[in-house]
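Take a look at the letters that make up each chain.
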Amino acid sequence: MIRDITIGQYYPSDSILHRLDPRVKLIGTFLFIVSLFLFDSLYGYIAVAVFLVTIIKLSKVPFRFIAKGMKAIVVLMLFMAFFNLFFTPGNTIFQIWIIKITDNGLRQAIFMGIRLIFLILGSSLMTFTTTPNQLTDGLEKIMKPLNRIKVPVHEISMMMSIALRFIPILLEETDKIMKAQMARGADFESGGVLKRAKSLIPLLVPLFVSAFRRANDLAMAMEARCYRGGDGRTKMKPLRYQNRDYLAYTCVLAYFAIVIALGILENRLF
Amino acid sequence: MQIIFDKVNYIYSGGTAFARHAIKDISFSINKGEFIGLIGHTGSGKSTLIQHMNGLIKATNGHIYFNGQDIYEKNYDLRKLRSKVGLVFQYPEHQLFETTVFKDVVFGPTNLGLDKLECELRAYEALKMVGIGDDLLDASPFELSGGQKRRVAIAGVLAMKPEVLILDEPTAGLDPRGRDDILEKIAELHRDSGLTIILVTHSMEDIANYADRLFVMNRGELVMQDTAKVVFSHYKELEQMHLAAPQVTYVMNVLKDKGYRVNTDATTIDEAKEEILKLLQY
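Residues numbered from 1 in each chain as written. Chains lettered and ligands numbered in written order. Predicted model: local features only at pLDDT ≥ 70, side-chain atom pairs only at ≥ 80, totals over all residues. Heavy atoms only, no water.

Asks: Requested: an account of the layout of surface pockets, with residues and values cited.
Replies: A volume near 550 Å³ is recorded for the second largest pocket. Residue assignment for the lining of the second largest pocket shows that the elements contributing at least two residues are helix 9 (193-199) and helix 10 (201-224) of chain A together with helix 3 (101-111) and helix 4 (116-129) of chain B. Ranked by residues supplied to the lining of the second largest pocket, first place goes to helix 3 of chain B with five residues. A breakdown of the residues in the lining of the second largest pocket according to their chemical character gives six nonpolar, five polar and eight charged. (1 Å grid on protein atoms, 1.4 Å probe; cavity = no way out; pocket = protein on both sides within 12 Å on 5 of 7 lines; lining within 4 Å. Points joined across faces, edges and corners; volume = space filled by probe spheres on them. Helix = DSSP H or I, 4+ residues; strand = E, 2+ residues; numbered from the N terminus. Nonpolar A, V, L, I, M, F, W, Y, C, P; charged D, E, K, R; others polar.)

Asks: For the environment of Leu-135 of chain A, give the residues involved together with the corresponding values.
Replies: The residue Leu-135 of chain A is located in helix 7 (residues 132-143) in this model. The spacing of Leu-135 of chain A and Ser-161 of chain A is 26 residues in sequence and 8.3 Å in space, taken between C-alpha atoms.

Asks: Explain the interface of chain A and chain B to me, using residue names and the numbers behind them.
Replies: Counting residues at the interface gives 24 residues for chain A, matched by 24 residues for chain B. For the pair chain A and chain B, the summed buried area comes to about 2100 Å², and 62% of that belongs to carbon and sulfur atoms. Summed over the three residues of chain A that lose the most area to chain B, namely Lys-179, Ala-183 and Arg-184 of chain A, the buried surface amounts to 34% of that side. Counting across the chain A and chain B interface gives two salt bridges. Linking Asp-104 of chain B and Arg-184 of chain A is a salt bridge whose minimum nitrogen-to-oxygen distance equals 3.0 Å. Summed over the shared surface of chain A and chain B, the result is six residue pairs in polar contact (both at pLDDT 80 or more). Looking at the side of chain A that touches chain B, the elements with two or more residues in it are helix 4 (63-70), helix 8 (153-183) and helix 10 of chain A. Here the element with the most residues in the side of chain A that touches chain B is helix 8 of chain A; it accounts for seven residues. (Contact = heavy atoms within 4.5 Å. Buried area = accessible area lost by both parts, 1.4 Å probe. Salt bridge = Lys/Arg side-chain N within 4 Å of Asp/Glu carboxyl O. Polar contact = N/O pair within 3.5 Å; in protein donor to acceptor, adjacent residues only side chain to side chain.)

Asks: Now, about the sheet that holds strand 8 (residues 196-200) of chain B: what can you tell me, with residues and values included?
Replies: Residue and element names in this part refer to chain B. On the basis of which strands lie adjacent, the open sheet formed by six strands has the order 6-7-8-3-9-10 and mixed pairing. With partners counted over all chains shown, the strands left at the sheet margins are strand 6 (85-88) and strand 10 (221-226), one partner each. Strand after strand, the sheet turns through a mean of 15° between neighbouring axes, direction not considered. As judged from the four bridges shared by strand 3 (residues 35-40) and strand 8, these two strands associate in the parallel manner. Residue pairing across strands places Leu-38 opposite Val-200, the latter belonging to strand 8. Docked against the sheet, helix 1 (residues 46-53) engages strand 3, strand 6, strand 7 (164-168), strand 8 and strand 9 (213-218), running at close to 145° with respect to strand 3. (Pairing = 2+ DSSP bridges. Axes fitted to C-alpha atoms, helices over the stretch in contact; angles between N-to-C directions.)

Asks: Give me the lowdown on the domain arrangement of chain A, citing residues and values where you can.
Replies: Residue and element names in this part refer to chain A. By domain assignment, chain A separates into domain 1 (1-130 + 240-270) and domain 2 (131-239). Computed from C-alpha coordinates alone, the two centres of domain 1 and domain 2 are separated by 29 Å. Across the boundary between the two partners, domain 1 contributes 14 residues, which contact 14 residues of domain 2. Roughly 1400 Å² of surface becomes buried between domain 1 and domain 2 when both sides are summed, with 73% attributable to carbon and sulfur atoms. If you look at where domain 1 meets domain 2, you find two residue pairs in polar contact (both at pLDDT 80 or more). For the side of domain 1 that touches domain 2, the secondary structure elements donating two or more residues are helix 2 (22-35) and helix 6 (103-129). Top element by residues in the side of domain 1 that touches domain 2 is helix 2. It accounts for four residues. (Domains from an automatic or database assignment.)

Below, the structure written as structure tokens:
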């Protein structure tokens with residue numbers, strides 16, 4: 001049941017996107033998200049869609065798998081569409097009682113919805129193609145200059161990678177404890193809010209106990225291997241840009257330029 | 001026959017890149033009061049298989065019958081099934097959550113909707129069965145030793161008065177003393193209460209002593225189901241599945257190879273002792 005969440009998961013495959021340097025993907029994703037808010041015309045949406053479809057094809061992640069992850073945000077989408085649809089001022093095109101739909105509202109609802117889908121597709125594509133470890137490695141390298149102003153970059157990224165590493169472990173643990181309590185007749189699904197909240201105690205207490213136990217063990221194991229923070233620490237696989245990474249940067253920048261150009265053009269034309 | 005599996009298959013994460021055929025075409029039946037040993041290498045599908053028995057996992061296809069009823073039938077009460085088929089997971093002490101030992105054991109019977117007195121009676125009985133003394137009833141379960149915690153957790157399942165008790169490696173991570181204690185208690189339950197026992201284990205010595213029949217799993221398939229003697233006589237095949245026969249089986253086979261006339265189907269130390277003594281008397 002819990003395993004159905006695919007957002008933020010890594011999808012193992014062997015594609016050009018998987019092999020790219022994580023820094024490229026991080027910066028690329030950042031630029032992609034920014035680019036989504038730089039235009040407001042049909043051409044912009046088409047440009048983004050073309051770019052996204054190309055990237056998804058390149059990533060070799062099956063579209064079915066990506067779409068499954070989108071299910072999780074359906075509620076959020078409906079919520080947003082609802083507010084945009086009914087609460088945007090403009091020319092009324094449809095009205096029942098005090099509920100009215102305006103042309104601007106309709107436009108907003110549709111385009112914001114599409115933008116949100118693009119945004120989530122783009123950013124989940126990054127996590128599909130990058131292992132959590134690569135991701136934090138990339139972040140650490142990007143943020144390295146901050147070390148000069150006494151930001152503990154290494155420690156932050158170490159904490160992040162540990163946190164990420166523990167998500168699947170804790171999910172599995174939750175699943176296991178849930179089953180163990182169900183085997184003792186526990187019922188997590190029926191009853192009112194209060195009863196359901198109370199039924200979570202047999203799940204949460206062992207889960208916290210186990211999380212603390214694991215944290216303890218991990219700290220001990222790290223200490224036993226003489227871990228003492230980032231100073232003077234080297235990497236087994238240091239990140240180095242390859243030709244394909246420069247090529248990817250060029251593509252992303254070209255895409256970014258196109259979107260900006262479209263944004264400026266639409267201001268002139270319309 | 002109490003439990004019947006009819007061509008049960010289970011596929012994890014079906015339809016995605018992570019799909020894995022965890023158990024394949026499993027068919028068997030278990031009689032009331034039997035002691036079954038379930039052995040197999042890590043990842044052979046043992047844990048997946050036992051979770052089918054109380055309906056925690058629903059088979060991708062195939063049928064499972066408990067006391068003659070198909071458990072996948074509409075309106076079949078799965079919660080009732082779970083009270084009849086008690087499942088003790090690996091490291092069951094990780095499920096303890098209450099403030100006292102006694103309260104934790106009461107959790108199971110309370111979920112069955114019994115009245116308070118009955119629940120407490122059952123909890124007390126179950127704790128006695130696993131050998132937890134009165135002095136520990138009000139202790140926090142987190143203060144106990146590893147072996148004690150595990151016995152409390154087993155009591156938590158026993159208090160539901162199941163007809164079948166499934167234990168997933170109940171001796172993992174315990175010291176030899178704690179291990180013998182637990183196994184002895186399980187054998188006692190089987191003998192005195194007539195419980196059907198299904199014991200998942202890695203230790204061939206443990207299982208040779210107690211089990212009526214052995215089920216051997218390999219890569220999701222049930223490859224053997226027979227008495228310990230028959231199964232362990234195939235020790236060469238077991239080795240290919242990363243399993244092994246008990247030490248004494250090897251001793252007896254080496255003796256035979258050296259030309260001594262011993263019966264190689266001895267699986268316990270006592271049987272081996274008899275055989276060797278018989279040999280020496282001639």
